Amino acid sequence: MKSEDRAVMRVLAGEKMWPPPIWMMRQAGRYLPEYREVRKKAANFLEFCYSPDLATEVTLQPIRRYGFDASILFSDIFVVPDAIGYPVRFEEGRGPVLEPLNAALIDRLDQDRAEKHLEPVIETVTRLRAELPTETTLLGFCGAPWTVACYSVAGHTTPDQTAARVGAYRDPDLMGRFIDHLVTASIRYLVRQLDAGADAVQIFDTWAGVLDDAGFERWSIRPTRAIVDGVKAERPNAKIIGFPKASSARILKYIEGTGVDAVGFDWTAPDEIALEVQKKVPIQGNLDPMRLVAGGKALDEGIDHILSTFDKGPLIFNLGHGVTPDADPENVARMVERVKRG
Ligand code: CP3
């Protein structure tokens, strides 16, 4: 099947498909026992991302189990800073830890090492396209620069990204230099994913919602626009989904300012806003992942609400954020079955 005929790609081109295609953020993850088995084989999380054998296997697991319409490359947003030489590590039970941002670190960043460093991830994309069912859309991704940078100011994440916000106010030039590096590396990385077989890409801006208006413009919209422009300059037909979490109040500004082709919503987005946006661009979302933990009536009602509210335009059914490790795999099966009934 040709890329543009795959269901998610048809929706990204503006078509309403019913039942809507479905995939799930973090669909390859710890809620799946088969993921936890493979995870044990990797020395650490980044090594896992850089192993084409393991990364291909876990990416395919949720496709085999549930038949999702899209498969998202298994990797992480921190392979980009890692690739240009920014110190990143994952601590068990704590998550990602980046070295606190400073000028000496920025001076040492090297764009040229990214090509070779990210080769195993690109190899995974190539293998995935060869192994996935032909009708399954393959999505690549990167983190939005602000979200990546959030983990670099205090060296780890703080509630509401207070450290990153203070850092950006105190030294916007330093933050800007880091962000510029991330933009450059992300453009190259996304273009390579598209060339290796990704049908479309998503930019995850998980922490866009903690910014004030000026910060949203400077740290979320501007770098995302630079990535969208950079990718489209090289691959004019590329489709890009933006996911600025907790930003529904600014979503129209975001769409106009960045030039993304579609947007993801989290579950806090008011229906009226998502409906308005759906008249302009395809939307993706937005089931609260906690409904997959609760299951039963709460799950069914959440699904039915999305289906009955957004059935007039292009929709990609998804969660409002990643599935959590405590979600019941049976509830995921129930969700897919219910969405497929339309
Ligand atoms: O969606 C997918 O299935 C594709 C793979 C993917 C991962 N991370 C795998 C992962 C994607 C798209 C991401 C994006 C990502 N990573 C974001 C943006 C989206 C979001 O979820 O907010 C962010 C902020 C990160 C950073 C990150 N990676 C954190 C904070 C953590 C630790 C917290 C946690 O959930 O474990 C990770 C680790 C990580 N990335 C895991 C997975 C499956 C869990 C690691 C493990 O197996 O131990």
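Remember, predicted model here, so these are calculated numbers, not experimental data.

(A) Looking closely at the site of the ligand. Neighbouring the ligand are 23 residues; R26, R30, Y35, D76 and H321 lie closest to it. One nitrogen or oxygen atom from the side chain of T206 is found 2.7 Å from an oxygen atom belonging to the ligand. Here H321 contributes a side-chain N or O atom positioned 2.6 Å from an oxygen atom of the ligand. For the ligand, the accessible surface in isolation is 850 Å², of which the surrounding protein chains cover 87%. Among the elements of the structure, α2 (33-39) and β3 (95-98) are those that each provide at least two residues to the shell around the ligand.

(B) Representation of the nonpolar core in the model. Counting residues in each nonpolar core, the largest one holds 125 residues, and the members touching the most others are V263, L292 and M335. Top contributing element to this core by residue count: helix α11 (residues 172-196), with 13 residues. When sequence neighbours within four positions are dropped, the list of residues in contact with M335 reads I22, M24, L287, L292, I303, F317 and L319.

(C) Layout of the environment of R250. Within the fold, R250 resides in the loop between β6 (240-244) and α13 (251-258). Residues R250 and L194, spaced 56 residues apart in sequence, show a C-alpha to C-alpha distance of 28 Å. Ignoring sequence-local partners within four residues, the contact set of R250 consists of L211, D212, D213 and F216.

(D) How the structure looks around the packing of aromatic side chains. Per the stated rule, a full pass over the model turns up 13 aromatic pairs. Both rings, one in F78 and one in Y151, keep their centres 5.0 Å apart while their planes meet at 75 degrees; by these two values the pair is edge-to-face. In this pair, F78 sits in the loop between β1 (70-72) and α5 (79-83) while Y151 sits in helix α9 (residues 145-153), placing the two residues 73 residues apart along the sequence. Judged by relative accessible area, which is 2%, F78 ranks as buried. The class of Y151 is buried, set by a relative accessible area of 12%. Following the ring pairs from residue to residue traces out a cluster consisting of Y35, F45, F48, F74, F78, F90 and Y151.

(E) Quick look at the pattern of salt bridges. In total, this model carries 27 salt bridges according to the counting rule given. Of the charged contacts in the structure, one is a salt bridge between R65 and E34, with a shortest N-O distance of 2.8 Å. Residue R65 is found in helix α4 (residues 52-66), and its partner E34 is found in helix α2; the two are separated by 31 residues along the sequence.

(F) View of the sheet that holds strand β8 (residues 283-287). Ordered in space as β1-β4-β5-β6-β7-β8-β9, the 7 strands form an open sheet in which the pairing is parallel. A strand with exactly one partner marks an edge of an open sheet, and here the two such strands are β1 and β9 (315-319). Averaged over all pairs of adjacent strands, the angle between strand axes in this sheet comes to 25 degrees, irrespective of strand direction. Alignment of strand β7 (residues 262-264) against β8, held across 2 bridges, turns out to be parallel. Opposite V263, over in β8, you have I283 as the bridge partner.

(G) Geometry of unusual backbone geometry. Omega for the peptide link from W18 to P19 comes to -5 degrees, which places this bond in the cis form. Phi at D160 takes a positive value of approximately 55 degrees, unusual for a residue other than glycine.

(H) Broad picture of the packing of α9 against helix α10 (residues 162-170). At a minimum axis separation of 8 Å, α9 and α10 run at an interaxial angle of 95 degrees. In this view, α9 runs roughly perpendicular relative to α10, as classed from their interaxial angle. Here W146, C150 and V153 of α9 lie close against α10, whose contacting residues are A163, A164, R165, G167 and A168. Per-class residue counts for the contact of α9 with α10 are 6 nonpolar, 1 polar and 1 charged.

(I) Representation of the pairing of β6. In terms of burial, β6 is a largely internal element, 5 of the 5 residues being buried. Because side chains alternate across β6, one face comprises the buried residues I240, G242 and P244, and the other comprises I241 and F243, equally buried. In the sheet, strand β5 (residues 200-205) pairs with β6 via 5 bridges, with the strands oriented parallel. Across the sheet, residue Q202 finds its bridge partner in β6, namely I241. Direction of pairing for β6 relative to β7: parallel, over a ladder of 2 bridges. Paired with G242 across the strands is V263, a residue of β7. Assessed by its sense of winding, the connection that carries the chain from β6 through α13 to β7 is right-handed.

About the thresholds
Residues numbered from 1 in each chain as written. Predicted model: local features only at pLDDT ≥ 70, side-chain atom pairs only at ≥ 80, totals over all residues. Heavy atoms only, no water. Near = heavy atom within 4 Å. Polar contact = N/O pair within 3.5 Å; in protein donor to acceptor, adjacent residues only side chain to side chain. Areas by Shrake-Rupley, 256 points an atom, 1.4 Å probe, with all protein chains shown as cover. Helix = DSSP H or I, 4+ residues; strand = E, 2+ residues; numbered from the N terminus. Core = buried A, V, L, I, M, F, W, Y, C linked by side-chain atoms within 4.5 Å. Buried < 20%, exposed > 50% of the residue type's maximum accessible area, 1.4 Å probe, protein only. Contact = heavy atoms within 4.5 Å. Phe/Tyr/Trp six-rings, centres within 6.5 Å; stacked < 30°, edge-to-face > 60°. Salt bridge = Lys/Arg side-chain N within 4 Å of Asp/Glu carboxyl O. Pairing = 2+ DSSP bridges. Axes fitted to C-alpha atoms, helices over the stretch in contact; angles between N-to-C directions. Parallel < 35°, antiparallel > 145°, perpendicular 65-115°, else oblique. Nonpolar A, V, L, I, M, F, W, Y, C, P; charged D, E, K, R; others polar. Right-handed = clockwise from strand over helix to strand, strands pointing away.

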